[in-house]
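Next come the chains, spelled out residue by residue.
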Amino acid sequence: MIFYKAFLWEFILISNIYNFRINIVNKKFILGVFFILTLSLKTLDYKYFFVLPMVLIAIQVLLFKVNNNVIENILLVSIIIALFGVNKFIVSKIVWNIPSLIDGLPKSHYKYIIIFRDILVAIVCFIESKFLGNKINKISLTERFKKNHYKFLGTIIVAILNIGIVLYINSTIGSRLGIKKCIKIMSTDIFMFYLLFNFLLLYFLSDLLVKRIQYKQKIKNLSSLNEYTKTIENLYTDINKMKHDYSNIILTISGYLDSSDLDGLKRYFNSNILKYNNSFNKKINRLPLLYSIKLLELKGIVSSKLLRAYYKNIDINISIIEEIDFINMDIMDLCRIIGILLDNAIEACEKHSKPKINFSIIKNRTSILLCVGNNYVEPIGNIHEMFKSGFSTKGSNRGVGLYILEEIVSRYNNVFIETRKEKDEFVQVIIVDNEGADL
Amino acid sequence: MINIVVCEDNDVQRQSIVKILKEIISVHNFKMNIALEASDPYEVIEYSKRGNRPNIYLLDVNLKSVINGINLADRLREEDILSFIIFITSHEDMSYLTFKYKVEAMDYIIKDNYTNIKNKLYECLNTVNKRMSIDKEECSKDVFTINTGDVIRTINCEDIMFFETVGGGHKLRVHCLNSQIEFSGTLKEINESLDYRFCKSHKSYIVNIVNIDFIDKKTKTIHMNNGEQCYVSRNYIKEVIKAFTDKYEKLI
C-alpha cells in the first residue's frame, strides 16, 4: 500500500516540476526510474537502508540521459525526493496531532485518518511542485551552473538533501520496527560519514561528467576544423595552378598580338579562355566564405556539412556578410540544430537534377538568423507531418531530426523556427534574439 | 505615381537598365516613372529623405563605394519602410535568403543576359503594380504582423490556419497554408488584433474559422483545409461550432 501511495505522490511531483523541460517519452523514463526507487524502498530490509544514498546517486546519474545538464537534474530530483519525504512527515505529524480529530476515535477508524492524510499529502505535493515548477521554468539553470560557485553550492545543497532523506527513512522505518536507541545513536556517526561521502562523490561525479562531455565535443570540433583547414590548403594549391595558367594565357595572347593575328586571337579566346573561366569558377568552392563565423564550433560543423554536400555535387550558395561572434544560446544546441537542418537539406535535394542548397547567416541589429534553403523533388509531404517523430521519406529508422529540433528550440524563449514550403524551395530559418530573456 | 530609383555605378549598364524600364512602363502602361538614376549611393539616400513615396529602388550590390548595396538598402529601409527594394547582382554570390530576411528585398536580378533581366524586371514591376492597386484599407485588415526580435513580417490572414502556444514561455506558432512560423507573444495579446474570423478553441489554440474543413466532436479535433489538425476543448466547443455554422450561413 505504501508503495502505491508513494508512487502517486512522486508522480504528482515529477509531472509538475519537470513539466517544462521534458516531453512524454522522457517523462516515462523518469517515472520508470522512480518506480525502481520506490520498489527498492519497499523491499529493503531495515538493515540495508544505508544503501539508499547510493541508489539515489545512481538514479540521479542515470537521469543524465534525459536531461543533459547533470547538476540541474540532480538538484531537481533531490528536490522531488525531499519534498516527498518532508511533506509526508510534516503532514503526518500535523494530522495525527489534531486533537479534535484524534480524541475519542476508535482504532478501527484510524484507516480513515490515514486516507485523509494521504489525500492531504497529495494536495500539498501538487501545490508545492506547481509553484516550484513555474519558478524553475523562468530561470535558466544551464547558464547558472556554468559558474563554479553555483556548482559548489548546488552540490552542498544536494548532499544535505540526500542526507535528510536518509535520516527521515531511518527514523520512520527505524521507529516502526522498534529499533533500539543505540542504533539511533550510531546512525549519527553514519550520518557524518554519509554527508562527507555524498558530498565528495556528487561533486567529483558531476565535475567528471561535465568535463567528459566537453572533451568529447572538443574532439569533434577539432576534426571538423581539420577538414576545413584541408579545404583551405587545397584552395591554395588551386590558386597556384591558376597563377601558372594565367601566365601561360598572357604569353599566348601577347604572341597573337605581336604577330597581329586577330583571327587567331579570336579563335583562341573563344575556344580556350571562356571554357577555362567557366570551369575555374565552378572549381573554387565557396567554403572559405565561412571565415566570418567566429564561433569555432559553428564553423566546424557548418563546414563539415557543407563539405559533405559539396562532395555529393550539390551546388552550395553561402552568404555570410558580417562577423558572427556571439549568439545567445548554448553553442552545442546551436550546432545540433544547424547539423539537423543541413542534414535534412542535403537529403532532401539529393534527388533533384540540379541539387542546390542556400545557406546564409544574417546579423540584424539585435538578432541573428540562420537560413537553410534547398530545392526538392515531390513528394515531400506536408510541414506538420514532418515535425512528427518517426516521419521520413527515407525508411523507418530516421525521421527524428525535426522532432529533436523542435524539442531543442522549445527550451529557449528567444529562439524561433520558421519553416516554409515554397514552389521550388524548402526554407527553414532559425531566429535567435540576442537580447532575449535569458540574458 | 510610383517612383523608380536606379543606383548602378557602371554607366553602360545603368543606361541599359533605365532603357528596359522605360520600355516596360510604356508597353504595359504602368503608372511609374524614373525619379532618379544615380551612380553614387549617397545621392539615393538624399533622395529617400525628400519624402517622395512610394518608391521602387533598384540597387546594384557591388558598388565601388564606401557603402555597398546591402548597407544602402538597410539605410533606405530606415527612411522608407514601405518601399520596394530590388537588388541587381552580377553573380550569384549572395544567397537570396539574405536579401529577403535582412532588408526585406522583394527580389534580386542577375545581370547575365538581356532577356532575363527584362523578364525579371517586368515580373517585379507587375507585382508592385498589383500590390499598389489593392485598396489600402482592405490591405491592412487582411494582414497579420508578427515580430521576432527585430524581424517584422506580415502574413495574409487568409493563409492562416491557426495559432498555437509553444513551449513554456512567451512563444506562439502560426500555422499557415504552407508554412509554420514561430514568434513571441501570447494568445491574449494577439486576440486583440484579430477579427471575427478568429476564434479561441482551446487554452492553447486560436483557430481561423474560414479555413476549417470540419470539426470532429467526438475526438474534439478541428480539421483544417490544408490537412492539419488542432484541438478544441469543452469550454470553447460551443462557440467554435456557432462561428463555424455562421460562416456557412453567410456563404449560402
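Check the entry above for the structure.
Keep in mind the model is a prediction, meaning the values are calculated, not measured.

Caption draft 1: Local environment of the packing of aromatic side chains. The tally for this structure, following the rule as stated, stands at 9 aromatic pairs over all chains. Both rings, one in Y310 of chain A and one in Y311 of chain A, keep their centres 5.7 Å apart while their planes meet at 55°; by these two values the pair is tilted. Centroid distance F30 of chain B to Y122 of chain B: 6.5 Å. Interplanar angle 20°. Geometry classified as stacked. Separated by 92 residues along the polypeptide, F30 of chain B in the loop between α1 (11–28) and β2 (32–38) and Y122 of chain B in helix α5 (residues 114–133) bring together distant segments of the chain. Taken together, F144, F163, F183 and F198 of chain B form an aromatic cluster joined through their ring pairs. Sitting over the ring of F416 of chain A, K171 of chain B keeps its end group 5.6 Å from the ring centre.

Caption draft 2: View of a nonpolar patch on the surface. Residues and elements named next belong to chain A. There is a patch of nonpolar side chains on the surface, built from Y112, I115, I119, I123, F126 and I127 and spanning about 610 Å² of accessible area. By the element assignment, I115 lies in helix α6 (residues 110–138). A relative accessible area of 46% places I115 in the partly exposed class.

Caption draft 3: Summary view of the side chain of N364 of chain A. Note that N364 of chain A resides in the loop between β2 (356–363) and β3 (367–374). When neighbours within four sequence positions are excluded, N364 of chain A is seen to be in contact with L369 of chain A together with Y101, K102, D150 and V151 of chain B.

Caption draft 4: Region of interest: the sheet that holds strand β4 (residues 415–421) of chain A. Pairing is mixed across the open sheet formed by 10 strands, whose spatial order is β1(A)-β2(A)-β3(A)-β5(A)-β4(A)-β10(B)-β9(B)-β8(B)-β12(B)-β11(B). In this open sheet, the two edge strands, each paired with only one partner strand, are β1 (315–320) of chain A together with β11 (198–202) of chain B. Within the sheet, the average angular offset between the axes of one strand and its neighbour, ignoring direction, is 15°. Sheet analysis places β11 of chain B next to strand β12 (residues 205–208) of chain B, joined by 4 bridges and oriented antiparallel. The residue of β12 of chain B that forms the bridge with C199 of chain B is V207 of chain B.

Caption draft 5: Inspection of the sheet that holds strand β14 (residues 221–224) of chain B at higher detail. Residues and elements named next belong to chain B. What the 3 strands build is an open sheet, ordered β13-β14-β15; its pairing is antiparallel. Edge positions in the sheet fall to β13 (212–216) and β15 (229–231), since each has one partner strand and no second. If you compare each strand with its neighbour and ignore which way they point, the axes differ by 25° on average. Pairing between β14 and β15: 3 bridges, direction antiparallel. Residue pairing in the sheet places T221 in a bridge with Y231 of β15.

The rules behind the values
Residues numbered from 1 in each chain as written. Chains lettered and ligands numbered in written order. Predicted model: local features only at pLDDT ≥ 70, side-chain atom pairs only at ≥ 80, totals over all residues. Heavy atoms only, no water. Phe/Tyr/Trp six-rings, centres within 6.5 Å; stacked < 30°, edge-to-face > 60°. Helix = DSSP H or I, 4+ residues; strand = E, 2+ residues; numbered from the N terminus. Lys NZ or Arg CZ within 6 Å of the ring centre and 35° of its normal. Patch = residues over 30% accessible without salt bridge, like charges linked within 9 Å, V, L, I, M, F, W, Y side chains within 5 Å. Areas by Shrake-Rupley, 256 points an atom, 1.4 Å probe, with all protein chains shown as cover. Salt bridge = Lys/Arg side-chain N within 4 Å of Asp/Glu carboxyl O. Buried < 20%, exposed > 50% of the residue type's maximum accessible area, 1.4 Å probe, protein only. Contact = heavy atoms within 4.5 Å. Pairing = 2+ DSSP bridges. Axes fitted to C-alpha atoms, helices over the stretch in contact; angles between N-to-C directions.

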